[in-house]
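Coordinate inspection notes
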Amino acid sequence: MKKSILIFLTLLGGITVSAQQQADLVISPVKVIDIKTGKITPDQAIVVRHDTILAVTTPQRARQYKAAKTFDGRHQYAMPGLWDNHMHFGGGDSLADENKNFLPLYLAHGITTIRDCAADISAQVLKWRDEVNKGTLQGPTIFTSGPKLEGYKSVWIGDIEIGTTAELNHALDSLQRMHVDFVKITDNTIKPELYLEAVKAARQRGMIISGHVPYALTLQQVTDAGLSSVEHLSYVWKAGVKDEAALSRSIANGEIKGRDINRYILAHFDTTAALKAYRHMAAKGTAVTPTLSLGQILAYFDQDNHAQDPYLAYIGKGLQKTYEMRVKRVMKDDSTAIAYRKELYEKESAILPLLQKAGVMIMAGTDAGYLNSFDYPGIGLHRELALMVHFGLTPLQALQTSVINSPVFLHQQDYGALAASKKADILLLSANPLEDIHNTGKINAVVTKGQLLDRSALDQLLNKVKAANAH
């Protein structure tokens with residue numbers, strides 16, 4: 001009888017073991033932050049298989065999974081990896097390696113996804129994107145526009161210049177052959193009517209369209225045409241004047257130009273008109289990426305010229321050289337011009353709560369990369385989130401602009417939460433970012449595509465980039 005019971009228990013034990021599900025990683029215990037609601041659930045375990053979350057459950061229930069690796073979460077705060085929804089690779093082929101060093105910088109700062117808003121090294125960026133997706137290159141997931149659309153003789157290097165409908169269609173054909181993730185259109189020399197045509201044509205092809213906005217057009221015109229997102233706050237700030245259509249006509253006719261445009265907006269901005277314009281923007285589903293960081297750096301350059309920033313050790317010398325154009329321009333400003341640029345920056349940035357109130361989808365993006373002086377890949381996003389809170393968003397709202405709104409914009413349903421079937425891009429923090437947004441920088445570990453990088457591994461990424469730039 002005893003022998004029979006022993007055999008039964010042995011078989012039962014075998015059944016229990018065989019019923020265990022395989023997992024690659026279990027992180028436990030952690031406090032899981034729901035970025036959609038702000039709810040924090042303590043004493044949780046996150047179970048990962050390949051690049052996907054299998055379950056978020058209690059540590060006890062997580063024992064049903066047989067994990068190749070476990071990680072002591074030490075009751076840290078767990079949230080989805082951050083997104084930088086506006087950055088740039090570029091500076092020419094000779095700087096490709098320096099640009100590639102952005103990838104570990106992003107991961108080391110908890111940013112597991114980036115959106116490249118037009119590059120002049122698109123062939124390399126598309127290659128990196130595909131290699132990251134295949135797992136042969138370590139880095140954040142990359143979504144890229146490839147080269148942007150512009151008019152003839154644009155100031156931008158590497159863009160696709162168009163002036164006719166035929167050239168527009170050819171350009172969109174080429175972008176689709178590249179399998180870009182969205183289309184970027186800027187406003188340097190493109191004809192306003194062709195800009196609107198480009199937005200409509202791209203939308204008809206099912207493409208996402210991100211852009212600057214020609215000042216000769218109104219916000220309503222571009223949103224009605226189907227623009228998916230406005231990049232940079234200045235373009236939506238203009239829509240807050242009492243009669244934007246009249247201002248746009250004056251700009252189109254050459255009656256108002258240069259710095260007088262911003263002076264006009266300063267004098268005629270109206271909160272009621274702005275809310276009306278922004279509510280229409282929200283109704284049309286057009287998002288905005290404010291990119292507060294670069295404006296703040298340049299506006300207050302007289303107080304901090306960033307020449308002694310420790311982070312410069314992580315930026316290649318060639319890329320630092322691309323900063324010089326903007327630096328030389330702000331260095332020419334006298335005291336009156338300095339006061340004016342600060343006023344402009346503060347007034348533009350102050351519309352952030354109005355956009356939130358109107359229901360516009362706001363996305364966190366830095367404008368970091370080449371050319372944009374001292375606007376750093378990696379650490380820059382934490383600065384951007386802090387600026388969003390400074391100008392009126394709550395820490396939760398700021399986190400939503402990065403973690404939730406960015407994937408929604410790109411129609412990526414596998415991101416935005418720590419939950420079963422979502423991507424295993426995870427950020428572990430030692431302090432609660434809902435209490436203080438600066439706590440996003442207190443990173444203890446990052447999981448990217450299911451691979452865990454503890455603090456030591458993150459530091460190694462940083463040291464490797466620093467060493468590469470020291471030569």
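Residues numbered from 1 in each chain as written. Predicted model: local features only at pLDDT ≥ 70, side-chain atom pairs only at ≥ 80, totals over all residues. Heavy atoms only, no water.

The name an unreviewed UniProt entry assigns to the protein is Amidohydrolase family protein, from the organism Chitinophaga fulva.

When its secondary structure is counted, the protein shows 20 helices and 17 strands. Against the 2.2 N^0.38 benchmark of 23 Å for 471 residues, the protein shows a C-alpha radius of gyration of 24 Å, consistent with a compact globule. Structurally, the protein occupies a C-alpha span of about 100 × 50 × 45 Å along its principal axes. The 471 residues of the protein split such that 57% are buried. If you take every contact in the protein between residues at least 6 apart in sequence, the share linking residues at least 24 apart comes to 74%. For the protein, the computed accessible surface area is about 20,400 Å², with 53% contributed by carbon and sulfur atoms. When the 51 basic and 47 acidic side-chain charges of the protein are each reduced to a single mean position, those positions are 6 Å apart. (Helix = DSSP H or I, 4+ residues; strand = E, 2+ residues; numbered from the N terminus. Rg over C-alpha atoms; globule rule 2.2 N^0.38 Å. Buried < 20%, exposed > 50% of the residue type's maximum accessible area, 1.4 Å probe, protein only. Contact = heavy atoms within 4.5 Å. Areas by Shrake-Rupley, 256 points an atom, 1.4 Å probe, with all protein chains shown as cover. Lys, Arg positive; Asp, Glu negative; His and termini not counted. Charge placed at Lys NZ, Arg CZ, Asp CG, Glu CD.)

Right, let's get into the environment of glycine 369. Its place among the elements puts glycine 369 in strand β14 (residues 368-369). C-alpha separation for the pair glycine 369 and serine 154, spaced 215 residues apart in sequence, amounts to 20 Å. For glycine 369, the residues in contact, after removing those within four places along its chain, are His88, Phe102, Tyr323, Asp375 and Pro377.

Let's shift gears to the domain arrangement of the protein. Split into domains, the protein comes out as domain 1 (21-79 + 418-469) and domain 2 (82-410). Interface area for domain 1 against domain 2, summed over the two sides, is near 2,400 Å², with a carbon-plus-sulfur share of 69%. At the junction of domain 1 with domain 2, the criterion picks out zero salt bridges. Where domain 1 packs against domain 2, one counts six residue pairs in polar contact (both at pLDDT 80 or more). Mapped onto the side of domain 1 that touches domain 2, the elements with two or more residues apiece are β16 (443-448), β17 (451-454) and α20 (455-469). Among the elements that take part in the side of domain 1 that touches domain 2, α20 stands out by supplying eight residues, more than any other. When its residues are assigned to classes, the side of domain 1 that touches domain 2 shows 15 nonpolar, eight polar and six charged. (Domains from an automatic or database assignment. Buried area = accessible area lost by both parts, 1.4 Å probe. Salt bridge = Lys/Arg side-chain N within 4 Å of Asp/Glu carboxyl O. Polar contact = N/O pair within 3.5 Å; in protein donor to acceptor, adjacent residues only side chain to side chain. Nonpolar A, V, L, I, M, F, W, Y, C, P; charged D, E, K, R; others polar.)

Turning to the UniProt feature "domain: Amidohydrolase-related" (unreviewed entry) in the protein, a few remarks are in order. If you check UniProt for "domain: Amidohydrolase-related" (unreviewed entry), the listed places come out as residues 77-452 in our numbering. Between the C-alpha atoms that bound residues 77-452 the distance is 15 Å, and the span itself is 44% helix and 14% strand. (UniProt positions renumbered as here; feature names shortened; annotations may be inferred.)

Attention shifts here to the nonpolar core. Grouped together as the largest cluster of nonpolar side chains are 121 residues, with contacts concentrated most on Phe89, Leu149, Tyr195, Val236, Tyr278 and Leu355. Summarising the domain contributions, this core has at least three residues from each of domain 1 (21-79 + 418-469) and domain 2 (82-410). Excluding anything up to four places from it in sequence, tyrosine 195 contacts Ile185, Thr186, Ile190, Gly211, His212, Val213, Pro214, Leu217, Val222 and Leu227. Core analysis: the next-biggest nonpolar cluster, separate from the first, contains 16 residues, Val32, Phe71, Ile426 and Ala445 among them. (Core = buried A, V, L, I, M, F, W, Y, C linked by side-chain atoms within 4.5 Å.)

A separate point is the sheet that holds β16. Read across the sheet, seven strands follow the order β3-β2-β1-β4-β15-β16-β17 without closing on themselves; strand pairing throughout is mixed. Whereas interior strands pair on both sides, the edge strands pair on one side only; in this sheet they are β3 (52-57) and β17. Within this sheet the neighbouring strands show an average axis-to-axis angle of 25 degrees, counted without direction. Relative to β3, strand β2 (residues 40-49) runs antiparallel, the two being bridged by five bridges. Note on β3: the bridge partner recorded for arginine 49 is threonine 52. (Pairing = 2+ DSSP bridges. Axes fitted to C-alpha atoms, helices over the stretch in contact; angles between N-to-C directions.)

With that settled, consider the side chain of aspartate 116. Mapped onto the elements, aspartate 116 comes out in strand β6 (residues 111-116). Within the buried set, aspartate 116 has no salt-bridge partner at all; the shortest N-O distance to an opposite charge, 8.1 Å, is to lysine 184. In this structure the side chain of aspartate 116 is engaged in a polar contact, spanning 2.7 Å, whose partner is the side chain of threonine 144. Setting aside residues up to four positions removed in sequence, aspartate 116 forms contacts with Met87, His88, Phe89, Val125, Phe143, Thr144, Ser145 and Phe182.

The omega angle of the peptide bond from serine 28 to proline 29 is -10 degrees, so this bond is cis rather than trans. Position of proline 29 relative to the elements: it lies in strand β1 (residues 21-33). With a phi close to 70 degrees, aspartate 367 is a non-glycine residue in the positive phi region. When you line up the elements, aspartate 367 lands in the loop between α16 (352-358) and β14.

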